[in-house]
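Below are the chains, spelled out letter by letter.
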Amino acid sequence: MNTNERLEKETTGAWIVHHGRKISLDATAAAEFSAIDEAAKAATLLVRLGESDETTLTNDVVRAVARSAGLNPRYELEGLLTTLQRKRLIDRSTKEVAVLGITTRGVLGQAAELFENADPQVTEFAAIKLAETVSRSPSTSSDAKEYLSDEFRIPTREAADFLTQSEQIGFVDAEGEGPERLLFNGHLFKRDNVSKAAKVISSLSSADQNKISEFDDLLKRSGCLPASEGNKILGHELFKKLLAVSLYDTHVVSNEKGENVFVTSPGAFHKFVDPLVDDTFDMAKALVAALYYGMTRSNYSRGQIHTIDALLGKLINGGTVGPATAIGQDYRVLEERRVVRIVRCGYGFTMRLLKTEVGQLALQVLRSGDASAAAVVTLPSAPMSAYGDPESARTRIRKTQSSRSKRQTLDVLSALRSGRAF
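Rules of the game
Residues numbered from 1 in each chain as written. Predicted model: local features only at pLDDT ≥ 70, side-chain atom pairs only at ≥ 80, totals over all residues. Heavy atoms only, no water. Axes fitted to C-alpha atoms, helices over the stretch in contact; angles between N-to-C directions. Helix = DSSP H or I, 4+ residues; strand = E, 2+ residues; numbered from the N terminus. Parallel < 35°, antiparallel > 145°, perpendicular 65-115°, else oblique. Left-handed = near helix turned anticlockwise from the far one by under 90°. Contact = heavy atoms within 4.5 Å. Nonpolar A, V, L, I, M, F, W, Y, C, P; charged D, E, K, R; others polar. Pairing = 2+ DSSP bridges. pLDDT = per-residue confidence, 0-100.

Colleague: Help me understand the packing of helix α3 (residues 34-49) against helix α6 (residues 104-116), please; the structure alone is not making it clear to me.
Modeller: Where α3 contacts α6, the axes come no closer than 9 Å and their chain directions differ by 150 degrees. Overall, the two elements α3 and α6 adopt an arrangement that is roughly antiparallel. Here α3 and α6 pass one another in a crossing that is right-handed. Contacts from Ala-35, Ile-36, Ala-39, Ala-42, Ala-43, Leu-46 and Val-47 of α3 reach α6 at Val-107, Ala-111, Leu-114 and Phe-115. Looking at the contact of α3 with α6, its residues break down into 11 nonpolar, no polar and no charged.

Colleague: What should I look at first to understand the sheet that holds strand β6 (residues 182-184) in this one?
Modeller: Think of a sheet as strands paired side by side through backbone hydrogen bonds, with each pair either parallel or antiparallel. Spatially, the three strands line up as an open sheet ordered β4-β6-β5, and their pairing is antiparallel. Whereas interior strands pair on both sides, the edge strands pair on one side only; in this sheet they are β4 (139-140) and β5 (173-175). The sheet contact formed by β5 and β6 spans three bridges and is antiparallel. Looking across to β6, one finds that Ala-174 is bridged to Leu-183.

Colleague: Looking at this structure, how should I read the sheet that holds strand β12 (residues 348-353)?
Modeller: What the three strands build is an open sheet, ordered β10-β12-β11; its pairing is antiparallel. If you trace the sheet from one side to the other, it starts and ends with β10 (320-324) and β11 (340-345), each paired once. Each strand of the sheet is rotated relative to its neighbour by a mean of 20 degrees, with strand direction disregarded.

Colleague: What am I meant to see in the confidence of the model for the protein here?
Modeller: Note that predicted coordinates carrying low pLDDT should not be read in detail. In the predicted model, the protein carries a mean pLDDT of 80, and 77% of its residues have values of at least 70. Every residue in residues 1-7 scores below 50 in pLDDT, and together they form three contacts with partners more than four places removed in sequence or on other chains. Across residues 370-381, where pLDDT falls below 50, the model places 51 contacts with residues more than four positions away in sequence or in other chains.

Set out below in structure tokens:
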């Protein structure tokens, strides 16, 4: 397989996982998009089970992993394990599951193959292609219907119903009315961020342009900012419409004190990686958040991190860090996602990295000074208990947009619209 073929499969796999997450939030979508649903769940289970090297897990651990991934261990797990075993990605005995060494890119390639082997409907292929296309440039509803008719032989009336369904599930977003209704999704600014941002900013008033310039300068210096700064500098309405189209990314870091929302530029993290492929499962972002928390908020007595290069270097090389009290408290999110393995040792805990590539990417981000997905400088001093990715945060913002905000979002999309996307 040549490089272009491999990249195409990885991109397809990334959209399968993206769509699978949306399907899981819709009560009826799994029946209509069953191949995507199955492939996404199998890939999610595989990436949670796997490590950089081959590993063997007890059935109890496998069931726990399934639950942490949002899968029902009673009726979904057996079918997904059978699917993975049929592909020879795992091997099973009565008490254990052996898993081959994996990488994120490898799992996404497998997701694409699992999808193709699941007898997908033509609308499932169309859902993937549509999402990829409108992630590059917004498309009008009329153009999309024409494309679906030409490329997938979907009749115009059915194409209109398909687009409505795609919006309702969340495969794409839409703003506006009628045939000029614009379709887009949250990956819009993940590619060609600078040129697209320039188009948007040039379409705004001089007052709004000055606000964005002030906020961007501060964001570049800090790497990340509390969302409260965005509301303060940009104003609530402008900030919300820019978040809705992903001109900025928001990250939610939670602990017992509540949710803490922070802002980064999409380019901060993605200058190191393919923005769609390399961190589809949000593991590197979660690792950066947890480690940056340890650098900035954990006190010395709990095991504060001082030299991130040395710590991550040791983990990446297969070493164990600790013991420290903080490890057993601050890294539970990573333990659930099986990025690390945590073991009690005396009065503290030790930690070992299970996925080398995730640690390598986290080290690149932390060395850059951007703090990218971390943004926890002002986090109250309490153990980090959850990490919310940018797409989940953006979806919540879209759902709470006022009518005025929606009209302003359409203005942003119109500024990006440059001819037919298809």
